[in-house]
Amino acid sequence: MPELPEVETLCRQLTPVLDRAVLQKIIVKDARLRSVSLTAGQGVKSVYRVGKSLAVQFEKTKTLLIHLRMTGRLSWITDGTCPFYSRCVLVFDSGRLHLVDPRRFATLSIVVGDSKEKRKLLDPMDEREGRDFMILSAGRRLPVKNFLMDQKTLGGIGNIYACEMLHRAGISPWRRACDMDEQRWRRLSKAMKATLGKAIECRGTTISDWADLFGRKGSYQKQLRVYGRKGKPCPRCGAPVIRTLLSGRATFFCTSCQET
DNA sequence: CGAACGACCTGTTCGC
DNA sequence: TGCGAACAGGTCGTTC
């Protein structure tokens, strides 16, 4: 579930919460996460997002990378309760950060130093011209939707927001990335920032179980134009929204607003 | 390079 | 109502 806006929401909420927090211990409850260890007594130096990963950098060189995959959430708890499906707890002097994850797909990893430098991953929210996308997509014959979701090129866009931004830009999910002209990239680039920016303001999309650091649902689901709206009217032209599969993933679009 | 598919897990929704 | 199948926001590895 968590795509860029959800992880960005957690990042923004976690930054003040962990400011000057000192790690007391880490409790790993799921054997799949057992390889993670951190030294107690360390302070948090910074919190940042890399694509869909959340990075918690500690003072003594190590950075914890959290990837929430499908159903992962983070929950900040100060009253000693323990949420269902808590798989790991970072105990700080000021409270407990739980990794909550029913499906157990989430991953934790440790990198030495600052992972930002190691991965020069491009972020969809960075300023970028249509021209930059022309260069990035040159020779890429895959559908533009797959290009958007390819985490090695751009980090952070998943299935929901790929569908949404393509609809906003009026571009077919099947158009080959290399067949996009500069005009289309300019439109898509704007749609990308508008869609993700609005979703961040809404603290993400709650379709079934997403919640922010404090357990509140997001509200972008109220603004979805096509995702999950099979058969419902396209908000732009009223034609029914179509659901099909593209590379095995559910893909929602409007035949009349998104050129073929 | 890229598509198709199965794995990894568990909970919820759908269709008969 | 009951029950199995299909489906879910993500990624990885293998095969073609």
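Residues numbered from 1 in each chain as written. Chains lettered and ligands numbered in written order. Predicted model: local features only at pLDDT ≥ 70, side-chain atom pairs only at ≥ 80, totals over all residues. Heavy atoms only, no water.

**Comments concerning the protein's contact with DNA strand B**
Phase 1 of the analysis: Near DNA strand B there are 13 residues, and of these Arg-32, Arg-103, Arg-104, Arg-141 and Pro-143 occur at the shortest range.
Phase 2 of the analysis: For DNA strand B, the fraction of atoms within 4 Å of the protein that belong to sugar or phosphate moieties is 69%.
Phase 3 of the analysis: One of the side-chain nitrogen or oxygen atoms of Arg-140 is found 3.0 Å away from a phosphate oxygen of DNA strand B.
Phase 4 of the analysis: In the environment of DNA strand B, a phosphate oxygen lies 3.3 Å from a nitrogen or oxygen atom belonging to the backbone of Leu-142.
Phase 5 of the analysis: Here the surface near DNA strand B is built from residues that sort into five nonpolar, three polar and five charged. (Near = heavy atom within 4 Å. Polar contact = N/O pair within 3.5 Å; in protein donor to acceptor, adjacent residues only side chain to side chain. Nonpolar A, V, L, I, M, F, W, Y, C, P; charged D, E, K, R; others polar.)

**Some thoughts on the pairing of strand β2 (residues 44-50)**
Phase 1 of the analysis: Most of β2 sits inside the fold, with five of its seven residues counted as buried.
Phase 2 of the analysis: As paired elements, β2 and strand β3 (residues 53-58) share six bridges and run antiparallel to each other. Pairing of Ser-46 across the sheet is with Gln-57, part of β3.
Phase 3 of the analysis: Here β2 folds back onto β3, and the loop between the two strands holds two residues, one of which, Gly-51, carries a positive phi near 60 degrees. (Buried < 20%, exposed > 50% of the residue type's maximum accessible area, 1.4 Å probe, protein only. Helix = DSSP H or I, 4+ residues; strand = E, 2+ residues; numbered from the N terminus. Pairing = 2+ DSSP bridges.)

**Observations concerning the domain arrangement of chain A**
Phase 1 of the analysis: For chain A, the assigned domains are domain 1 (4-120) and domain 2 (130-253).
Phase 2 of the analysis: Its C-alpha centre places domain 1 at a distance of 27 Å from the equivalent point of domain 2.
Phase 3 of the analysis: On the side of domain 2, 18 residues touch domain 1, which itself brings 20 residues to the contact.
Phase 4 of the analysis: Counting the surface lost from both domain 1 and domain 2, the interface buries some 1600 Å², and carbon and sulfur atoms represent 67% of this.
Phase 5 of the analysis: The largest share of the area that domain 1 buries against domain 2 comes from Pro-5, Glu-6 and Gln-13, three residues that together contribute 33% of it.
Phase 6 of the analysis: If you look at where domain 1 meets domain 2, you find zero salt bridges.
Phase 7 of the analysis: Inspection of the domain 1/domain 2 interface yields six residue pairs in polar contact (both at pLDDT 80 or more). (Domains from an automatic or database assignment. Contact = heavy atoms within 4.5 Å. Buried area = accessible area lost by both parts, 1.4 Å probe. Salt bridge = Lys/Arg side-chain N within 4 Å of Asp/Glu carboxyl O.)

**Comments concerning the pattern of salt bridges**
Phase 1 of the analysis: Counted by the stated rule, this structure contains 14 salt bridges.
Phase 2 of the analysis: The salt bridge partner of Asp-30 is Arg-104, with a shortest N-O separation of 2.9 Å. On the criterion of sequence distance, the pair formed by Asp-30 in the loop between β1 (23-28) and β2 and Arg-104 in the loop between β7 (95-100) and β8 (107-112) is long-range, its members being 74 residues apart.
Phase 3 of the analysis: A relative accessible area of 5% means that Asp-30 is categorised as buried.
Phase 4 of the analysis: Residue Arg-104 is classed as partly exposed on the basis of its relative accessible area of 35%.
Phase 5 of the analysis: In this structure, the salt-bridge partner of Asp-212 is Arg-216, at a minimum N-O distance of 4.0 Å.
Phase 6 of the analysis: Residue class for Asp-212 comes out buried when judged on its relative accessible area of 2%.

**Brief notes about the nonpolar core**
Phase 1 of the analysis: Membership of the largest hydrophobic core comes to 33 residues, with the highest contact counts inside it found for Val-144, Leu-148, Ile-157, Met-165, Leu-188 and Met-192.
Phase 2 of the analysis: Within the residue set of this core, elements represented by two or more residues are α4 (144-149), α5 (159-169), α6 (182-201) and β10 (249-253).
Phase 3 of the analysis: If near-sequence neighbours (up to four positions away) are discounted, Val-144 is found in contact with Leu-166, Ile-171, Ser-172, Pro-173, Arg-175, Arg-176, Ala-177, Met-180, Trp-185 and Leu-188.
Phase 4 of the analysis: Ranked by size, the runner-up nonpolar core spans 31 residues in total, among them Leu-10, Val-36, Ile-66 and Leu-108. (Core = buried A, V, L, I, M, F, W, Y, C linked by side-chain atoms within 4.5 Å.)

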